[in-house]
Amino acid sequence: MVKEPNIHFTRLTEADLPFVVELYNHYTLHSEAVYFTEPIGLDDARRFIPIGDPVYPSFLIRDERGEAMGLCYFHPFMARPAYRISVEVTVYLRPDAVGRGIGQAALRHLEPYIREGGFTNAVALIDSGNTASIHLVERLGYERCARIRDVAEKWGRKLTLDIYQKQF
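Since we're looking at a predicted model, the values are computed, not measured.

A. Broad picture of the packing of aromatic side chains. Under the criterion given, the structure shown has eleven aromatic pairs. Residues Tyr 56 and Phe 74 carry aromatic rings whose centres are separated by 6.0 Å and whose planes lie at 70° to one another, so their mutual orientation is edge-to-face. Here the residue Tyr 56 occupies a position in the loop between α2 (42-48) and β2 (58-63), and Phe 74 occupies one in strand β3 (residues 68-76), the gap between them amounting to 18 residues. Taken individually, Tyr 56 and Phe 74 each receive the classification buried, so the pair is uniform in this respect. Each ring, one from Phe 74 and one from Phe 119, has its centre 5.9 Å from the other, and the planes form 75°; the classification is edge-to-face. Of this pair, Phe 74 sits in strand β3 while Phe 119 sits in the loop between α3 (102-116) and β5 (121-127), placing them 45 residues apart in sequence. The exposure class of Phe 74 is buried, given its relative accessible area of 0%. Members of the aromatic cluster, each reached through a chain of ring pairs, are Tyr 24, Tyr 27, Phe 36, Phe 48 and Tyr 92.

Structure (structure tokens):
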């Protein structure tokens with residue numbers, strides 16, 4: 001059993017975006033966890049991360065000293081109105097924060113907001129080679145509901161996307 005980490009969550013603000021961009025760019029350049037092929041900027045982050053949205057909250061994850069450890073948020077799964085009941089969840093942690101139970105705490109932190117928003121499905125899109133994230137969501141009750149083979153390409157390699165779902 002993983003010991004509960006000593007962390008807290010604060011609402012993501014514009015002032016947090018440089019950290020968010022740095023985190024996304026780390027994973028963009030060093031992993032297949034993000035399907036970006038080029039680093040992003042502040043304007044890019046503003047386009048896909050909800051900030052100040054009362055329905056789709058975003059959080060910075062902080063340690064006991066207040067230092068940023070990662071972020072977690074959810075946003076509409078798809079833009080069409082029929083998908084209103086579903087959200088996509090996202091968690092990214094600094095590399096030195098991985099494996100400490102913070103990801104589990106982050107997903108658990110999002111769940112009451114998902115329920116309170118009236119959403120009945122949370123979806124996680126994960127590269128099939130990202131075993132740490134796959135184990136994380138499976139431990140929290142997500143089930144793989146789809147696999148899209150060779151759906152993306154990064155560094156000259158085809159990538160397979162697994163879709164995990166948790167129903168509320």
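B. Main features of the pairing of β2. Along β2, six of the six residues are buried, which leaves the element largely enclosed by surrounding structure. As paired elements, strand β1 (residues 7-11) and β2 share five bridges and run antiparallel to each other. Residue pairing across strands places Thr 10 opposite Leu 60, the latter belonging to β2. Relative to β3, β2 runs antiparallel, the two being bridged by five bridges. Opposite Ser 58, over in β3, you have Tyr 73 as the bridge partner. The turn joining β2 and β3, which pair antiparallel and follow one another in sequence, is formed by four residues; a positive phi near 90° is taken by Gly 66.

What counts as what
- Residues numbered from 1 in each chain as written.
- Predicted model: local features only at pLDDT ≥ 70, side-chain atom pairs only at ≥ 80, totals over all residues.
- Heavy atoms only, no water.
- Phe/Tyr/Trp six-rings, centres within 6.5 Å; stacked < 30°, edge-to-face > 60°.
- Helix = DSSP H or I, 4+ residues; strand = E, 2+ residues; numbered from the N terminus.
- Buried < 20%, exposed > 50% of the residue type's maximum accessible area, 1.4 Å probe, protein only.
- Pairing = 2+ DSSP bridges.

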